[in-house]
Amino acid sequence: MKIAITSSGEGLNAPVDERFGRAANFVLVEVDGDERKVETVPNTQNRQAAQGAGIQAAETVHRNGAQILLTGHVGPKAFRALDAAKIEIYSGIKGTVGDALDDYLAGRLQQTHGADVEGHW
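Note that the structure is predicted; figures quoted are calculated from it, not measured.

A look at the pattern of salt bridges
In the structure shown here, the tally under the stated rule is 2 salt bridges. In this structure, Asp103 and Arg108 form a salt bridge, with 3.0 Å as the shortest nitrogen-oxygen distance. Look at Asp103 and you get partly exposed, because its relative accessible area is 25%.

If you want it as structure tokens, here you go:
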């Protein structure tokens, strides 16, 4: 399984970015048993977008093969795009990327079933 986590830095020690569409990066973690492959993908093109950042970020997450997203907040358009791509969304995430990953893998997170902020948050 591949998990995308919004991040303000690179790697597992970086803080989770509360924003989805305008997050600095996506840390992608491919989990295969006890093995973890970590990659950071910049979200540069969407950080300054006038509009559509959430939809474009959803396409980036989908294009990189993630089935799960861990983020601070997700708006309505991004939620619909992620949901259409069948990506599970977990919002309200704080702390480091590594902590978020551990919480997900331990079953301590609840899946989000709708946007938790208004658009252009």
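There is more to say, and it comes next.
Concerning the pairing of strand 1 (residues 2-7)
Counted residue by residue, strand 1 has 6 buried out of 6 residues, so it is predominantly covered. Here strand 1 shows a buried face lined by Lys2, Ala4 and Thr6 and a second buried face lined by Ile3, Ile5 and Ser7. Sheet topology note: the strand 1/strand 2 (residues 25-32) ladder contains 6 bridges and is antiparallel. Bridge pairing in strand 2 links Ile5 to Val27. Direction of pairing for strand 1 relative to strand 4 (residues 68-70): parallel, over a ladder of 3 bridges. In the strand pairing of strand 4, Ala4 is matched with Leu69.

What to know about the side chain of Asp17
Inspection of the secondary structure assignment puts Asp17 in the loop between strand 1 and strand 2. What makes Asp17 buried here is its relative accessible area of 6%. A polar atom in the side chain of Asp17 sits 2.8 Å from the side chain of Arg19. Apart from the residues within four sequence positions on either side, Asp17 is in contact with Thr6, Ser7, Ser8, Arg22, Ala23, Ala24, Thr71 and Gly72.

Quick look at the environment of Arg63
Among the structural elements, Arg63 can be located in helix 2 (residues 53-63). Through-space distance from the C-alpha of Arg63 to that of Val38 is 16 Å; in sequence the pair is 25 residues apart.

Let's talk about a negative patch on the surface
A surface patch of like charges, here negative, comprises Glu30, Asp32, Asp34 and Glu35. Along the chain, Glu35 turns up in strand 3 (residues 35-42). Judged by relative accessible area, Glu35 falls into the exposed class, the value being 59%.

Focus on the side chain of Asn25
Along the chain, Asn25 falls in strand 2. In this structure Asn25 comes out as buried when scored by relative accessible area, which is 11%. At 3.0 Å, the side chain of Asn25 forms a polar contact with the backbone oxygen of Gly9. Excluding its chain neighbours within four sequence positions, the residues that come into contact with Asn25 are Ile5, Thr6, Ser7, Ser8, Gly9, Glu10, Thr40, Val41, Pro42 and Asn43.

Considering the nonpolar core
Membership of the largest hydrophobic core comes to 16 residues, with the highest contact counts inside it found for Ala4, Phe20, Val61, Leu69, Val74, Leu82 and Ile89. Setting aside chain neighbours within four positions, we find Leu69 in contact with Ala4, Thr6, Phe20, Leu82, Ile87, Glu88, Ile89 and Tyr90. Counting 15 residues, the second-largest nonpolar core is a separate cluster that includes Val31, Leu70, Ala100 and Tyr104.

The rules we used
- The written sequence of each chain sets the order in which its residues are numbered from 1.
- Thresholds applied to this predicted model are a pLDDT of at least 70 for local features of residues and 80 or more for the giving and counting of side-chain atom pairs; totals over whole chains, interfaces and linings are not thresholded and use all residues.
- The side-chain quantities take in all heavy atoms of the structure and omit both hydrogens and water.
- Criterion for a salt bridge: a side-chain nitrogen of Lys or Arg within 4 Å of a carboxyl oxygen of Asp or Glu.
- Each residue is placed in one exposure class: buried if its accessible area under a 1.4 Å probe, protein chains only, is under 20% of its type's maximum, exposed if it is over 50%, and partly exposed if it falls in between.
- Where helices and strands are cited, they refer to DSSP runs of H or I of at least four residues and of E of at least two residues respectively, numbered from the N terminus.
- Should DSSP find at least two bridges between two strands, the strands are taken to pair.
- Each polar contact in these results corresponds to two N or O atoms within 3.5 Å; when the atoms are within protein, one needs to be able to donate a hydrogen and the other to accept it, and residues that are neighboring in sequence are counted only if both atoms are side-chain atoms.
- We call two residues in contact when some of their heavy atoms are within 4.5 Å.
- The residues that make up patches have over 30% relative accessible area and no salt bridge, and they are joined within 9 Å when like-charged or within 5 Å when they are Val, Leu, Ile, Met, Phe, Trp or Tyr.
- Each accessible area is a Shrake-Rupley result for a 1.4 Å probe, and residues are judged covered by the shown protein chains and nothing else.
- Neither His nor the chain ends is counted toward charge; the positive residues are Lys and Arg and the negative residues Asp and Glu.
- Charge placement uses NZ in Lys and CZ in Arg. For Asp and Glu, CG and CD serve respectively.
- Within this scheme, the nonpolar core is defined by two criteria: the residues are buried Ala, Val, Leu, Ile, Met, Phe, Trp, Tyr or Cys, and they are joined through side-chain atoms within 4.5 Å.

Function-wise, these values are silent; they only describe arrangement.
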